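Below are the chains, spelled out letter by letter.
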Amino acid sequence: MCGISGAVGLNDISQALYEGIRNLEYRGYDSCGVALVNSKGLVLKKNIGGVEEFYRKENVLRHKSRIGIAHTRWATHGKVTRENTHPLSSSDGAFAVVHNGIISNYRFLREKLAREGFHFKSETDTEVIPHFLEYFYKKSKNVEAALAKTVEALEGSFALAFITSHQPDQIYCAKRESPLMLGISDEIKYLGSDFNAFIDHTKNAIIIDDGEYAVISRDSYTVKSLVTGQEIDKPIQKIEWDSESSKKGGYPHYMLKEIHEQPQTVNHALEIPASLTDDIVDLIVESDQTYLVGVGTTYYVAQFGQYIISNLAEEFLPAISADEFVALAKIDKGSMVLALSQSGETYDTLTALKYAKSKGAKTAAIVNVMGSSISRLVDKVVFQGSGPEICVISTKAALSQIVLLTVIGLKLALRKKLIGKKEFQKQIDQLKELPEIIHAVLNERSGFIHRIAHQYYKVKHWLYLGRGVYYPVALESALKMKEVAYVHAEGMPAGFLKHGTLAMIDQDIYSIVFVPPREDKELYQATLHSIEEIRARSGFVLGIHFDERGKNKDLFSEELILPPVSPLIAPLLQLVIAQLFAYFTATSLKRDVDKPRSLAKSVTVG
Ligand code: G6P
């Protein structure tokens, strides 16, 4: 999983290219590189490390060029070394290629090229591409023909781009499964894995579809079919996000900024046209079985949906982790798959949807990124409108999806006449209170959460516990802790504890328990029982609860008390608190919050 950027213009594009890959760093950041053109031919600069560090150390901006491509890498094939960093060049040095995706038959292709006398300098799957371009160019003396022939040989997924000394004024790019788009302005034509590569310069984008390639130059662009070579008329789409919302706006990290943006993103989710969520409800009603699918955070969002919809609408929609979907789900024409995805590009989720489609099932998705692959694949799509989420750790996008699933659950309950219009409106009004409550809690409790996080940041093992819908709160909150702070945190149903895990309770295992409001009587009582079980073994319990101070004085070792709220929004508020707790633990541990290790924002490989 990697980020691709490209630019061609009248004047120097080096700065634009730099900003392009820097804005794409959330897609991968273990190494990066650029290919430019000067009077002597192609110039390649690359090294391991993040974009800023690379540009500074190698003094890259000194190299002026009117055309160039750049890449930020998240290693899949081959270690993090300079040799494996993109761009990768052909043996004769005439082609420089960047690639995102996986060439699944690359071993076979390497052997084939080796027999033709090509030598490989890297361990990557990508390096077969420049060598093939050279090989086919020598036969046809035509760059586009060489591109079409090369792509024909490739199995797997790719978004690729290259420049060549044979046509030094043009950038060539092609796509199958991995995302790729063009940015169109009068002075410069851009290329990117997504809008963030060029959003500072233009909002006019052309989305390249599977099986298409494009040739861009200073003042023109053409998109063609890889199979027929025919030109394709592509509409220019306006990007609705503004470039300011992609910036940090005074916060030390995007993660903190995005946690604080949640009141707005919840509002946006609640303002989405009713017809869009109605369409999803129609699909659920018409189908024999609906599955909720996502992976990572969005799998936990799906689990939230599973509980919320079961509770509100008495309908069991199983949540399945997208990577397990094909192995587990029984799909036919009567099925419906509702996918959750921030990026709309996640390989596992795309694979699940394609499988469902191949079996004749209906598909729908709640997605944040417009124009993304998932949004274009499904029968019905809801764009959640959360704006760019830059931090690799998902916060605001996940919460908005949970809110939308709650709206869908309420609508389904209304449709099934389980609640009347009055009750429906009452619950929607409760949801509408959430933004203001989050805002107030973030203002009033951030300092306290910071203090607690700093006090316990050296804890090595956390158990995150909750019952009912508080179980997905525990799962997602534990994932935040693992992802951003690299601290062992295990989400578990609180009732499961007594089936073995209690044996581990000692002074080294700390527990966080998500306690429901008292009104949720049975769940509340049962959760308190679990806490007693831990306390009876002298275990530490941080309780996140809604009771007034001193109510259960001896129950908790530490407590984080929230203002009383309705049971509908209580778990959502606790999730926000847990996001902040993970954030402050990570800052105490001096982690690289926005770019945590071994993680990429959208995993477009299997
Ligand atoms: C990766 C990311 C996670 C994300 C998951 C799903 O694993 O690292 O943070 O939750 O993909 O991504 P999506 O874009 O489909 O929501």
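K.L.:
Help me get a handle on the sheet that holds strand S15 (residues 289–294), residues and values and all.
P.N.:
Backbone hydrogen bonds are what pair the strands of a sheet, in a parallel or an antiparallel way. An order of S16-S15-S17-S18-S19 is seen for the five strands of this open sheet, with the pairing classed as parallel. The sheet is open, and its two borders are formed by strand S16 (319–321) and strand S19 (380–383), each paired with just one other strand. Between one strand axis and the next, the sheet turns by 20° as a mean value, whatever way the strands run. In terms of strand pairing, S15 meets strand S17 (residues 335–341) through five bridges, oriented parallel. Along S17, the bridge assignment pairs Gln 289 with Ser 335.

K.L.:
So what's going on with the pairing of strand S20 (residues 461–466)? Residues and values would help.
P.N.:
The buried fraction of S20 is high, at five of six residues. Bridge analysis of S20 against strand S21 (residues 488–493) gives six bridges, and the strand direction is parallel. Following the sheet pairing, Leu 463 is matched in S21 by Glu 490. After leaving S20, the chain enters helix H15 (residues 470–485) and then returns to the sheet as S21, a path that is right-handed. Two strands pair when backbone bridges link them, and S20 and strand S22 (residues 509–514) are joined in this way by five bridges, in the parallel orientation. Within the sheet, the bridge partner assigned to Leu 465 lies in S22 and is Val 513.

K.L.:
So what's going on with the nonpolar core? Which residues, and what values?
P.N.:
Residues Tyr 55, Trp 462, Tyr 464, Met 481, Phe 514 and Phe 581 are the most contacted members of the largest nonpolar core, which totals 127 residues. It is helix H17 (residues 570–588) that contributes the most residues to this core, 13 residues altogether. Apart from the residues within four sequence positions on either side, Phe 514 is in contact with Tyr 464, Leu 465, Gly 466, Tyr 470, Val 473, Ala 474, Ser 477, Thr 527, Ile 544, Gln 574 and Ala 578. One finds Val 97, Phe 118, Leu 160 and Leu 226 within the second-largest nonpolar core, a separate group that totals 27 residues.

K.L.:
Run through helix H7 (residues 262–271), naming residues and quoting values.
P.N.:
Every α-helix winds through 3.6 residues per turn, so residues three or four apart in the chain are directed the same way. Among the residues making up H7, those that are buried are Gln 262, Pro 263, Thr 265, Val 266 and Ala 269. Among the structural elements, helix H6 (254–260), helix H13 (396–415), helix H14 (421–455) and H17 are those in contact with the buried residues of H7.

K.L.:
I'd like to hear about the packing of helix H8 (residues 274–286) against H13, residue by residue, with values.
P.N.:
Remark: H8 packs on H13, axes separated minimally by 9 Å, with the N-to-C direction vectors making an angle of 60°. Relative to H13, H8 is oriented oblique. Crossing handedness for the pair H8 and H13: right-handed. Here Ala 274, Thr 277, Asp 278, Ile 280, Val 281, Asp 282, Ile 284 and Val 285 of H8 come into contact with H13, specifically with Leu 404, Val 407, Ile 408, Lys 411, Leu 412 and Arg 415. Counted by class, the contact of H8 with H13 contains nine nonpolar, one polar and four charged residues.

K.L.:
Go over the pattern of salt bridges with me, naming the residues and quoting the values.
P.N.:
Summed over the entire model, instances satisfying the criterion amount to 23 salt bridges. The residue Lys 224 makes a salt bridge to Glu 144 at a minimum N-O spacing of 3.1 Å. Of this pair, Lys 224 sits in strand S13 (residues 220–225) while Glu 144 is found in helix H5 (residues 143–153), placing the two residues 80 residues apart along the sequence. On the basis of relative accessibility, which here comes to 18%, the residue Lys 224 falls in the buried class. Take Glu 144: its relative accessible area is 24%, and that puts it in the partly exposed class. Note that Asp 278 is salt-bridged to Lys 411, the shortest N-O span being 3.0 Å. Here Asp 278 is found in helix H8, whereas its partner Lys 411 is found in helix H13, with 133 residues between them in sequence. Judged by relative accessible area, which is 29%, Asp 278 ranks as partly exposed. Among the charged side chains, a salt-bridge network with shared partners connects Asp 209, Glu 212, Lys 234 and Arg 376.

Reading the values: rules and limits
- Residues numbered from 1 in each chain as written.
- Predicted model: local features only at pLDDT ≥ 70, side-chain atom pairs only at ≥ 80, totals over all residues.
- Heavy atoms only, no water.
- Pairing = 2+ DSSP bridges.
- Helix = DSSP H or I, 4+ residues; strand = E, 2+ residues; numbered from the N terminus.
- Axes fitted to C-alpha atoms, helices over the stretch in contact; angles between N-to-C directions.
- Buried < 20%, exposed > 50% of the residue type's maximum accessible area, 1.4 Å probe, protein only.
- Right-handed = clockwise from strand over helix to strand, strands pointing away.
- Core = buried A, V, L, I, M, F, W, Y, C linked by side-chain atoms within 4.5 Å.
- Contact = heavy atoms within 4.5 Å.
- Parallel < 35°, antiparallel > 145°, perpendicular 65-115°, else oblique.
- Left-handed = near helix turned anticlockwise from the far one by under 90°.
- Nonpolar A, V, L, I, M, F, W, Y, C, P; charged D, E, K, R; others polar.
- Salt bridge = Lys/Arg side-chain N within 4 Å of Asp/Glu carboxyl O.

Function cannot be read off these values alone, since they describe shape.
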